[in-house]
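Spelled out from the first residue to the last, the chains are:
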Amino acid sequence: MRRIYHEALDSTNLEARRLWRRTCEEGECSRDPLLLVAGRQSAGQGRSGRAWSSPPGGLWMSLAWPLHGGLERYRALPLVVGLGTARALEEAFGLACRIKWPNDILVEGRKLAGILCQAEVQGESALIVAGIGINGNYPAATLGGELRLPPTSLLDLVGAPVDLRMLEDTVVKHLLEQLDAFEPAGLVEGILADLRHRLAWLGEPVICSEPGGRVLAQGILRGIGEDGEVLIEGPAGPFPPLAVGELHLSSAAPSAG
Ligand code: BTN
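In this text, all values refer to a predicted model and were calculated from it rather than measured experimentally. (Residues numbered from 1 in each chain as written. Predicted model: local features only at pLDDT ≥ 70, side-chain atom pairs only at ≥ 80, totals over all residues. Heavy atoms only, no water.)

(A) The site of the ligand, seen in detail. Around the ligand, the structure places 20 residues, and the nearest of them are Ser11, Gln41, Gln45, Arg47 and Lys111. One nitrogen or oxygen atom from the main chain of Gln45 is found 2.7 Å from an oxygen atom belonging to the ligand. Taking 420 Å² as the accessible area of the ligand by itself, protein coverage stands at 98%. Listed by contribution, the elements that provide at least two residues to the shell around the ligand are helix H1 (12-25), strand E3 (59-66), strand E6 (110-122) and strand E7 (125-134). Tallying contributions element by element places E6 first for the shell around the ligand, with 4 residues. Classifying every residue of the shell around the ligand gives 6 nonpolar, 11 polar and 3 charged. (Near = heavy atom within 4 Å. Polar contact = N/O pair within 3.5 Å; in protein donor to acceptor, adjacent residues only side chain to side chain. Areas by Shrake-Rupley, 256 points an atom, 1.4 Å probe, with all protein chains shown as cover. Helix = DSSP H or I, 4+ residues; strand = E, 2+ residues; numbered from the N terminus. Nonpolar A, V, L, I, M, F, W, Y, C, P; charged D, E, K, R; others polar.)

(B) Structural view of the nonpolar core. Leu89, Ile134, Leu154, Val171 and Leu247 are the most contacted members of the largest nonpolar core, which has 59 residues in total. Among the elements that line this core, the one with the most residues is helix H2 (residues 77-93), at 9 residues. Those residues within four positions of Val171 in sequence are excluded, and the remaining contacts are Leu59, Met61, Thr85, Ala88, Ile132 and Ile134. Counting residues in each nonpolar core, the second largest holds 12 residues, with Cys24, Leu34, Leu127 and Val129 among its members. (Core = buried A, V, L, I, M, F, W, Y, C linked by side-chain atoms within 4.5 Å. Buried < 20%, exposed > 50% of the residue type's maximum accessible area, 1.4 Å probe, protein only. Contact = heavy atoms within 4.5 Å.)

(C) Structural detail: the pattern of salt bridges. Within the structure shown, the criterion is met by 19 salt bridges. Between Glu90 and Arg198 there is a salt bridge, with the nearest N and O atoms lying 3.1 Å from each other. Here the residue Glu90 occupies a position in helix H2, and Arg198 occupies one in helix H5 (residues 189-198), the gap between them amounting to 108 residues. Taking the relative accessible area as the measure of exposure, Arg198 reaches 6% and is therefore buried. Glu210 serves as the salt-bridge partner of Arg214, at 3.2 Å between the closest nitrogen and oxygen. Residue classification places Glu210 among the partly exposed positions, given a relative accessible area of 30%. Taken together, the shared-partner salt bridges connect Arg3, Arg165, Glu168 and Asp169 into one network. (Salt bridge = Lys/Arg side-chain N within 4 Å of Asp/Glu carboxyl O.)

Okay, here's the thing in structure tokens:
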């Protein structure tokens with residue numbers, strides 16, 4: 001796998017997509033997987049069009065690879081990437097990481113890392129981009145921007161600056177391990193069991209809403225379904241499993257509208 005490092009980029013996800021698109025425009029879409037890492041991002045992208053604050057000292061990276069098979073098979077990818085990231089953080093620093101469905105990594109109830117998976121389609125070809133952002137060697141209190149969850153950082157949790165290159169290698173190792181299992185067979189038992197074990201807010205009152213705020217389900221978080229959907233039980237019984245949406249604790253939900 002080719003690795004490209006930049007001191008600064010607008011966004012590693014954007015750059016991965018641009019580089020690949022260029023190869024398509026030049027005649028043949030690249031088939032090579034790529035890892036892009038930036039020291040800082042000036043236009044880091046978060047979920048639902050939000051900005052992602054990316055100062056120096058964090059780990060900002062995107063793993064991109066050409067698609068084998070249909071895009072719909074990758075719906076649960078953010079969970080799988082989250083799991084690989086959680087396992088890496090656990091191996092590297094002994095952190096107990098929870099996964100907030102579908103794509104946040106929480107430690108002690110605070111957000112340490114976020115995942116943004118995207119696809120770039122050119123005719124019959126497609127590129128999958130798995131972007132990972134981990135708050136690193138700065139206090140989380142210095143982070144600006146639109147934060148929907150209280151943040152934390154490796155500096156806050158570990159108590160000293162960490163080796164970001166070592167972390168990058170550990171994340172890549174765990175990601176490739178998870179993808180080896182997921183790509184041919186989907187959410188296999190080993191992945192599902194660990195996701196369920198790490199699910200944040202289990203048994204707590206939650207709201208699942210569209211990015212615009214429309215409430216899709218409100219009730220108690222009961223778990224993750226076979227295909228990675230979120231399972232919520234309301235006063236009148238379980239809601240149909242939800243494949244997309246944003247989860248909030250009921251007490252912290254933004255007002256609908
Ligand atoms: C979120 O929690 O909203 C997702 C955040 C994802 C941030 C990472 S940083 C590396 C990659 N490049 C981006 O522009 N975004 C992702």
